[in-house]
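The residues making up each chain are set out below.
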Amino acid sequence: METRLTLYHGSNYSFDTVDLSKSKDKRDFGRGFYTTTLREQAEDWAVTLFDRYNGDGIFVYEMELELAESLSVKYYDGLSEEWLLMVQKNRTLGGIQHTFDVIQGPVANDKTARSIALYIAGIIDANEAIKRLQFNKINNQVSIHTPASLSHLKIIRKYQK
């Protein structure tokens, strides 16, 4: 894994510093600040957020995260039962259901929500859920969960679409 990541964050609000207290609950990897390594994904997300909720505008942030040795980092290399269990715990219990500072892995987005919901409800098992999820375009996400990891994140630039 790289020691320095270029990340993108799409938002419907303008900000100069990241505030973890504003993080939404019941997200894939728990409460945290979510980014991606894919600029287009961040741009799409910013548009979606603005379309749904309005806000200050459509903003994309380019950031750099230094993955210091002192940080606990979890990397999911694709869909797996371990990833699915992580998503299940965080989406159902809320908060942060792990001890990692940073997590990188696939996104369980709106297109995958039905398979995730069927798995959480016990209607399909992990193997079937992963099989169904393989057919979706899987984007990636890098979530930042602690003040320690936030101290290694730097906003490089912000642009408005």
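Preceding this paragraph is the structure being described.
None of these values were measured; they are calculated from a predicted model.

### Here's the deal with the overall build of the protein chain
Alright, step 1. Each helix and strand in the protein chain was counted, giving 5 helices and 7 strands.
Alright, step 2. Counting from the amino terminus, helix and strand elements in the protein chain follow one another as β-β-α-β-β-α-β-α-α-β-α-β.
Alright, step 3. Relative to the compact-globule value of 15 Å for 161 residues, the protein chain shows a C-alpha radius of gyration of 15 Å, a close match.
Alright, step 4. The C-alpha extent of the protein chain, read off along each of the three principal axes, is 45 × 40 × 25 Å.
Alright, step 5. Out of the 161 residues belonging to the protein chain, those deemed buried represent 47%.
Alright, step 6. Taking the contacts inside the protein chain whose residues are at least 6 apart along the sequence as the reference set, 83% of them involve residues at least 24 apart.
Alright, step 7. In the form shown here, the protein chain has an accessible surface area of approximately 8700 Å², with 47% of it arising from carbon and sulfur atoms.
Alright, step 8. Separation between the mean location of the 20 positive side-chain charges and that of the 21 negative ones in the protein chain comes to 5 Å.

### Section: the packing of helix α3 (residues 113-120) against helix α4 (residues 126-133)
Alright, step 1. The N-to-C vectors of α3 and α4 enclose an angle of 180 degrees; their axes lie 9 Å apart at closest approach. As far as their axial angle goes, α4 and α3 are roughly antiparallel. On α4, the residues touching S115, I116, L118 and Y119 of α3 are A126, A129, R132 and L133.
Alright, step 2. For the contact of α3 with α4, the per-class residue count stands at 6 nonpolar, 1 polar and 1 charged.

### Quick notes on the sheet that holds strand β7 (residues 153-160)
Alright, step 1. A sheet is described by the order of its strands in space; here 3 strands give the open sequence β1-β3-β7, paired in antiparallel fashion. The open sheet has two free edges, formed respectively by β1 (4-11) and β7, since each of these has just one partner strand. Averaged over all neighbouring strand pairs, the angle between strand axes comes to 20 degrees, with direction disregarded.
Alright, step 2. The sheet contact formed by strand β3 (residues 59-66) and β7 spans 7 bridges and is antiparallel. In the sheet register, E64 faces β7, and the bridge partner there is K154.

### Side note on the pairing of β3
Alright, step 1. Counting buried positions over the 8 residues of β3 gives 6, a clear majority of the element.
Alright, step 2. In terms of strand pairing, β1 meets β3 through 8 bridges, oriented antiparallel. Across the sheet, S11 pairs through a bridge with F59, a residue of β3.

### Notes on the side chain of D28
Alright, step 1. Looking at the secondary structure, you find D28 in the loop between β1 and β2 (33-35).
Alright, step 2. You can call D28 buried: its relative accessible area is 4%.
Alright, step 3. Polar contacts involving the side chain of D28 include one to the side chain of Q141, which spans 2.9 Å.
Alright, step 4. Setting aside anything within four residues of it in sequence, one finds D28 in contact with Y34, M86, V87, N90, R91, P106, V107, A108 and Q141.

### Structural notes on the sheet that holds strand β6 (residues 140-144)
Alright, step 1. Read from one edge of the open sheet, 4 strands run β2-β6-β5-β4, paired in mixed fashion. Where the open sheet ends on each side, the last strands, each with one partner, are β2 and β4 (73-75). For this sheet the average axis-to-axis angle between neighbouring strands, irrespective of direction, equals 20 degrees.
Alright, step 2. Of the strand pairs in this sheet, β4 and strand β5 (residues 102-106) are connected by 3 bridges, and their pairing is parallel. Bridging across to β5, V73 finds its partner in V102.

Rules used in this analysis
Residues numbered from 1 in each chain as written. Predicted model: local features only at pLDDT ≥ 70, side-chain atom pairs only at ≥ 80, totals over all residues. Heavy atoms only, no water. Helix = DSSP H or I, 4+ residues; strand = E, 2+ residues; numbered from the N terminus. Rg over C-alpha atoms; globule rule 2.2 N^0.38 Å. Buried < 20%, exposed > 50% of the residue type's maximum accessible area, 1.4 Å probe, protein only. Contact = heavy atoms within 4.5 Å. Areas by Shrake-Rupley, 256 points an atom, 1.4 Å probe, with all protein chains shown as cover. Lys, Arg positive; Asp, Glu negative; His and termini not counted. Charge placed at Lys NZ, Arg CZ, Asp CG, Glu CD. Axes fitted to C-alpha atoms, helices over the stretch in contact; angles between N-to-C directions. Parallel < 35°, antiparallel > 145°, perpendicular 65-115°, else oblique. Nonpolar A, V, L, I, M, F, W, Y, C, P; charged D, E, K, R; others polar. Pairing = 2+ DSSP bridges. Polar contact = N/O pair within 3.5 Å; in protein donor to acceptor, adjacent residues only side chain to side chain.

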